[in-house]
Amino acid sequence: PAQEPSAQQQNAKLEEIAKYLSLTPQQKDKILPILAGGAPKVRAIKADTSLSKMQRAQRIKAIQQQNDPQMKAILSPAQYQKLQAMRHKSISDAIH
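Here's what I pulled together on the structure shown here. Note that the coordinates shown come from a computational prediction; the quantities given were computed from them, not determined experimentally.

## Describing the environment of L35
Piece 1. On the secondary structure map, L35 appears in helix α2 (residues 25-47).
Piece 2. Discounting chain neighbours no more than four positions away, the residues touching L35 are L14, I17 and M71.

## Quick notes on the pattern of salt bridges
Piece 1. On inspection of all chains with the given rule, the structure shows two salt bridges.
Piece 2. In this structure, K28 engages E15 in a salt bridge whose closest nitrogen and oxygen atoms are separated by 2.9 Å. Here the residue K28 occupies a position in helix α2, and E15 occupies one in helix α1 (residues 7-20), the gap between them amounting to 13 residues.
Piece 3. According to the relative accessible area criterion, E15 is partly exposed, its value standing at 36%.
Piece 4. Its salt-bridge partner being R87, residue D68 comes within 2.5 Å of it at the nearest N-O pair. Placement of D68 in helix α3 (residues 53-74) and of R87 in helix α4 (residues 77-95) is noted, with a sequence separation of 19 residues between them.

## Let's talk about the side chain of Q79
Piece 1. Here Q79 lies in helix α4.
Piece 2. Residue classification places Q79 among the buried residues on the basis of a relative accessible area of 9%.
Piece 3. Within polar-contact distance, the side chain of Q79 engages the backbone oxygen of L21 at 3.0 Å.
Piece 4. At 2.7 Å, the side chain of Q79 and the side chain of Q27 are in polar contact.
Piece 5. Setting aside residues no more than four positions away along its own chain, Q79 makes contact with L21, S22, L23 and Q27.

## Considering unusual backbone geometry
Piece 1. Positive phi is not limited to glycine here, since S22 has a value of about 55°.
Piece 2. Tracing the backbone through its elements, the reader meets S22 in the loop between α1 and α2.
Piece 3. With relative accessibility at 48%, the residue S22 sits in the partly exposed group.

## Side note on the nonpolar core
Piece 1. Judged by nonpolar contacts, the single largest core of 13 residues is most densely connected at L23, I31, L35, M71, L75 and L83.
Piece 2. Contributing elements (two or more residues each) for this core: α1, α2 and α4.
Piece 3. When residues of this core are assigned to their parent elements, the largest contribution, four residues, is made by α2.

Rules used throughout
- Residues numbered from 1 in each chain as written.
- Predicted model: local features only at pLDDT ≥ 70, side-chain atom pairs only at ≥ 80, totals over all residues.
- Heavy atoms only, no water.
- Helix = DSSP H or I, 4+ residues; strand = E, 2+ residues; numbered from the N terminus.
- Contact = heavy atoms within 4.5 Å.
- Salt bridge = Lys/Arg side-chain N within 4 Å of Asp/Glu carboxyl O.
- Buried < 20%, exposed > 50% of the residue type's maximum accessible area, 1.4 Å probe, protein only.
- Polar contact = N/O pair within 3.5 Å; in protein donor to acceptor, adjacent residues only side chain to side chain.
- Core = buried A, V, L, I, M, F, W, Y, C linked by side-chain atoms within 4.5 Å.

Now the structure itself:
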């Protein structure tokens, strides 16, 4: 199984995302828990070798879509576009 990242690694990744999206402190308080909640699920999917690449992509996309209404409500249109690009890369990484 894939090794779970430490809390420190997880926080660093979330900080990186916050910086990439140029989140305000208020946005960060709302967005980071949403991202942190989905991260273990995405990692588990990426590590599941019994799934085809397509299945992995579809499952990651499903998790992202569950969070979408919340994310869209918090982010500006420009930030949301950046998030979409980042998600696309995440799915792309999972299938290559």
